[in-house]
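Below are the chains, spelled out letter by letter.
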Amino acid sequence: MSKNLVIVESPAKAKTIEKFLGSDYTVLSSFGHIRDLSKHAFGVDITNGFQPIYEISPDKKKLVADLKKASDVAETVWLASDEDREGEAIAWHLSETLKLKHDKTRRIVFHEITKPAILKAIEHPREIDIDLVNAQQARRILDRIVGFELSPVLWRKVKSSLSAGRVQSVAVRLIVDREREIQGFVSESFFRVIALFTVTDADGKPVELKSELQHRFKTKEEALAFLEICKTSHYVIEDIIKKPSKRSPAPPFTTSTLQQEAARKLGYSVSQTMMIAQKLYEAGQITYMRTDSVNLSDLALGTAKAEILSMAGERYWQFRHFQTKTKGAQEAHEAIRPTYMDKHEISGTAQEKNLYALIWKRTIASQMSDAELERTTITIGMSNSSEKFLAVGEVIKFDGFLRVYIESTDEESDQDAEALLPPLKVKQPLDIIQVTATERFSQRPPRYSEAALVRKLEELGIGRPSTYAPTISTIQKRTYVEKSNLDGEVRTFTVLTLKKDKIKEESKSERYGADKGKLVPTDIGMVVNDFLMDYFPNILDYNFTANVEKEFDDIAEGQLNWQKSLQHFYDKFHPMVVETMANSERRSGERVLGVDPKSGKQISVRIGRFGPIVQLGNKEGDEKPQFASLKKGQLLETITLEEALDLFKLPRSLGEWEGKEMVVGIGRFGAYVRYDSGFYSLPKTEDPMLIVAETAVAIIQAKREADKNRQMKIFDQDPDLQILNGRFGPYISYQKKNYKIPAKTDPLQLTYEACLEIIQNDAKTAKKAPAKKKSSKKE
DNA sequence: CAGTGAGCGAGCTTCCGCTTGACTT
């Protein structure tokens, strides 16, 4: 065993550092935090100065024992966890848990994993910063108090197993608020006017020049009137303005910007990006992937420069130092960058290659020179109106960083600036080809994609690089939000075209509002959000985290006592919890929509035991009320009386076929026909409200035909026993259960007795390991 | 995982931030 033990957070980091330090040093990893507040209990002794009750996580017991052994024999223990609040706490937990003697313990930090940085750190050890540790404890305890006091309120007042927390509840609020903005949005239409001219280019060939009228018209009448004026107008170039402009590269990647760009450019989900990045990190190809820093090490700056010089030359290189603007950034690591800048590509899966290439380009571009552009704006005047058309062109004079990388944006712009304009002169007359006025609509605010939500959370200083992906998964697991799958609607718009002195009016149609894979709130999400907004508006405040972070900073600087800070919060917060528990109404999102015109009974919607339902009649009535589930995509908040009444029209009978009744309904897996105690799924193209008996019969027959082809063998002894060919190959079906056929057995050769034996064997093994079966059922 | 289309009855659920893991066909 070597004289020195170094403990870092990540095993990949440990491996790298061990190489730098030589044989006198053993480097081990703590795998993040080793202790936490007790998992099932409250974990904080409120009445005793918020004393935390820490436990070693069960999966860390062996690790801690190993660390203990190693630290006992080492002469010096170097605690090299990250230099941020959490890292300092990890160092402190290690020293407490391993009972490290003060005189043989050193605390060291480094921001980059390079040999000089690590050797320098070893030369400058310091003490554990207990103020910073206390700031972390305050953060941890506050989160526990908020989460473990609010969640039970939801269990009582809304539904069991729900949760609330400082981060997740605000994430849900953002999505709910945005959805309501969209619901309340009133789209306005206007007319954009585009004129197409013909001019000759440098070679004397005719080319088109596209220009847009500066003025947009509110109504069709105004647009028509303008086109009438255009009929008799002459057009002339009044002005040409050339303006140089510059574009600068974006800073290197942080976790959040990597997630955004990987989503935009490669279509990866936030968690996918993190999994791929983790692989790259473990393979030593990129630096650490959970970071809020845009900083590059001196080593990286040097190798990036060398790479740019050899690739593109001196003119393309520019030294840049980026500074983070993110609220609450802790900057314990570098930006995300390739470990070796001269590695333009790597071997690996296609996904790994793509993500690596993205990181490489972004990093290199960040040290390249500005792109120089020239923007030309041409003003075209009319002989009989003061309206002006503008044509805009942009030329790249010097590509600079654009040679390598262009950052994407979320909004797809339809404002296509012409790349190059033909040579033109002021006062030059122009020949008109056509003028079109197209009706357009103002855009509703966009729904959040996963990556856009991450960007917003980061902007508000809520959550950390390590929690963005888990937060998105939590709010979906709690069914507060889901990924959208909206087809949108069709709308018509008007296009007016003036060509050869004639105005033509056309009506065209387009699909709008379609949204796939965006985050939308569910009914539960909205009800929980509204409840929390009513009773705990301060926790849901977008600035709540920012405000408590200020307190944590004061604690870290030794200006504020952490217990006092928590006491101050708790004295206000806890009474609100008690009050809400005692006096608030249960929430179900109930809305009364009106009365059923047939029966005169009340129609209402609310969240029922198994999800959102519409109810016909009420408890006080003579008869039991009737219920129906809401369809996917319908919300309690927006469903109309008519839509709610439609839900009671299913299941409906299609009449009899061969003596048995066919019934159409909508179930968990979509629309179906039930016939002779069997279920037949309807294809998406069939509307269960409109389907007729003949179509249903055809579907039933088709399914029966397919089932017949599935049958490999049936037995005369027992019609319940069949050998079927399924998605995963042949299997035995017996009394509605399925059994695997042992390997190397020809299914067609199996006898009735052999099948029964397989079934009995399966029953035996199932009895032997019932726990296993149970756990595998769980998600 | 092998195809589904229900309807309580006891006790448990829950937070945020660090980090990777993995008894099998």
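Preceding this paragraph is the structure being described.
Everything in this summary refers to the structure shown in the same document.

When helices and strands are counted, chain A shows 21 helices and 30 strands. On the principal axes, the C-alpha backbone points of chain A span a range of 95 × 85 × 65 Å. Across the 779 residues of chain A, 45% fall into the buried class. Residue pairs at least 24 apart in sequence account for 69% of intrachain contacts in chain A once pairs closer than 6 positions are excluded. Accessible surface, chain A as shown: approximately 42,700 Å² in total, 51% of it carbon and sulfur.

Here we come to the protein's contact with DNA strand B. Of all residues adjacent to DNA strand B, which total 55 residues, the nearest are S161, Y288, F610, G670 and N738. Taking all atoms of DNA strand B within 4 Å of the protein, the share assigned to sugar and phosphate is 53%. Measuring from a phosphate oxygen of DNA strand B, one finds a side-chain N or O atom of T467 at 3.0 Å. Going through the elements one at a time, α5 (130–157), α9 (270–282), β25 (670–675), β26 (678–681) and β29 (729–734) are the ones with two or more residues in the surface near DNA strand B. Along the lines of polarity and charge, the residues of the surface near DNA strand B split into 17 nonpolar, 22 polar and 16 charged.

Following the criterion strictly, the structure yields 15 aromatic pairs and no others. Centroid distance Y281 to Y288: 5.1 Å. Interplanar angle 75°. Geometry classified as edge-to-face. Here the aromatic rings of F536 and F573 are separated by 6.0 Å at their centres, their planes lie at 50°, and the arrangement is tilted. Here F573 lies in helix α17 (residues 562–583) and F536 lies in the loop between α14 (523–535) and α15 (537–540), a separation of 37 residues in the sequence. Pair check on accessibility: F536 and F573 agree, each one buried. Here a set of aromatic residues connected by ring pairs shows up, and it is made of F197, F217, F226, Y235 and F389. The ring of Y448 carries R178 above its face, with NZ or CZ at 4.6 Å from the centroid. Of note, R403 hangs over the ring of Y316, and the distance from its end group to the ring centre comes to 4.3 Å.

What follows covers the sheet that holds strand β2 (residues 25–29). Taken in spatial order, the four strands of this open sheet run β2-β1-β7-β8, and their pairing is parallel. Among the strands making up the open sheet, the edge pair consists of β2 and β8 (105–107). Looking at each pair of strands side by side, their axes are set apart by 20° on average, direction ignored.

Okay, the packing of helix α8 (residues 255–266) against α9 next. For the pair α8 and α9, interaxial distance at closest approach is 9 Å and the crossing angle is 115°. Between α8 and α9, the interaxial angle falls into the category roughly perpendicular. Our pair here, α8 against α9, has a crossing hand that is right-handed. Mapping the contact onto sequence places T255, L258, Q259 and A262 in α8 and V270, T273, M274 and A277 in α9. Residue classes in the contact of α8 with α9 are distributed as five nonpolar, three polar and no charged.

Moving on to empty space enclosed by the protein. Scanning the entire structure with this criterion turns up two cavities of 30 Å³ or more. What lines the largest cavity is simply S163, Q168, S169, V172, Y480, G525, V528, N529 and L532. Elements with a minimum of two residues in the lining of the largest cavity: α6 (168–184) and α14. The element contributing the most residues to the lining of the largest cavity is α14, with four residues. A per-class count over the lining of the largest cavity returns four nonpolar, five polar and no charged.

Summed over the entire model, instances satisfying the criterion amount to 40 salt bridges. Across the pair E86 and R139 runs a salt bridge, and its minimum N-O distance is 2.9 Å. Of the two residues, E86 is situated in helix α3 (residues 85–97) and R139 in helix α5; the sequence distance between them amounts to 53 residues. On the basis of relative accessible area, E86 is assigned to the partly exposed category, the value being 23%. Among the residues examined, R139 registers a relative accessible area of 15% and is labelled buried. For K456, the salt bridge identified is with E459, shortest N-O distance 3.4 Å. With K456 and E459 both in helix α12 (residues 450–459), this residue pair falls three residues apart, about one helical turn. Salt bridges sharing common partners tie together E179, R444, R447, D515 and K518.

With that out of the way, let us pick up the nonpolar core. Residues F50, L154, I286, L355, L453, L532 and I539 are the most contacted members of the largest nonpolar core, which totals 111 residues. The leading source of residues in this core is α5, at ten residues. Dropping the residues within four chain positions of it, L355 is found in contact with L258, A262, L266, Y268, T273, I276, A277 and L280. In this structure, F197, V199, Y235 and L421 belong to the second largest nonpolar core, which totals 26 residues.

Let us now look at the packing of α12 against helix α13 (residues 468–477). Where α12 meets α13, the closest approach of the two axes is 10 Å, and the angle between their N-to-C directions is 115°. In this structure, the crossing between α12 and α13 has a hand that is right-handed. Where α12 abuts α13, its residues E450, L453, V454 and E458 lie against Y468, I472, I475 and Q476. Residue classes in the contact of α12 with α13 are distributed as five nonpolar, one polar and two charged.

Strand pairs in the sheet, formed through backbone hydrogen bonds, run parallel or antiparallel to each other. Ordered by their spatial adjacency, four strands build an open sheet running β19-β20-β21-β22, and the pairing between neighbours is antiparallel. In this open sheet, the two strands that pair with only one neighbour each are β19 (591–595) and β22 (626–629). Sheet twist, expressed as the average angle between the axes of neighbouring strands with direction ignored, equals 25°. When strand β21 (residues 611–616) meets β22, the two strands line up antiparallel, connected through four bridges. Note on β22: the bridge partner recorded for V614 is A628.

It is worth spelling out the environment of L519 at this point. As for its placement among the helices and strands, L519 is situated in strand β18 (residues 515–521). When the C-alpha atoms of L519 and G594 are compared, they prove to be 31 Å apart, with 75 residues separating the residues in sequence. Setting aside residues up to four positions removed in sequence, L519 forms contacts with I175, R447, Y448, S449, E450, L453, V481, E482 and K483.

As a further point, take α5. For α5, with 28 residues, the first-to-last C-alpha span of 40 Å sits near the 40 Å given by 1.5 Å per residue. Counting buried positions along α5 yields 22 of 28 residues, so the element is predominantly enclosed. One side-chain oxygen at the N-terminal end of α5 lies 3.1 Å from the backbone nitrogen of D131; it belongs to D129.

Rules and cut-offs
- Residues numbered from 1 in each chain as written.
- Chains lettered and ligands numbered in written order.
- Predicted model: local features only at pLDDT ≥ 70, side-chain atom pairs only at ≥ 80, totals over all residues.
- Heavy atoms only, no water.
- Helix = DSSP H or I, 4+ residues; strand = E, 2+ residues; numbered from the N terminus.
- Buried < 20%, exposed > 50% of the residue type's maximum accessible area, 1.4 Å probe, protein only.
- Contact = heavy atoms within 4.5 Å.
- Areas by Shrake-Rupley, 256 points an atom, 1.4 Å probe, with all protein chains shown as cover.
- Near = heavy atom within 4 Å.
- Polar contact = N/O pair within 3.5 Å; in protein donor to acceptor, adjacent residues only side chain to side chain.
- Nonpolar A, V, L, I, M, F, W, Y, C, P; charged D, E, K, R; others polar.
- Phe/Tyr/Trp six-rings, centres within 6.5 Å; stacked < 30°, edge-to-face > 60°.
- Lys NZ or Arg CZ within 6 Å of the ring centre and 35° of its normal.
- Pairing = 2+ DSSP bridges.
- Axes fitted to C-alpha atoms, helices over the stretch in contact; angles between N-to-C directions.
- Parallel < 35°, antiparallel > 145°, perpendicular 65-115°, else oblique.
- Left-handed = near helix turned anticlockwise from the far one by under 90°.
- 1 Å grid on protein atoms, 1.4 Å probe; cavity = no way out; pocket = protein on both sides within 12 Å on 5 of 7 lines; lining within 4 Å.
- Points joined across faces, edges and corners; volume = space filled by probe spheres on them.
- Salt bridge = Lys/Arg side-chain N within 4 Å of Asp/Glu carboxyl O.
- Core = buried A, V, L, I, M, F, W, Y, C linked by side-chain atoms within 4.5 Å.
- Expected span 1.5 Å × (residues − 1).

Purely geometric stuff here, so don't read any function into it on its own.
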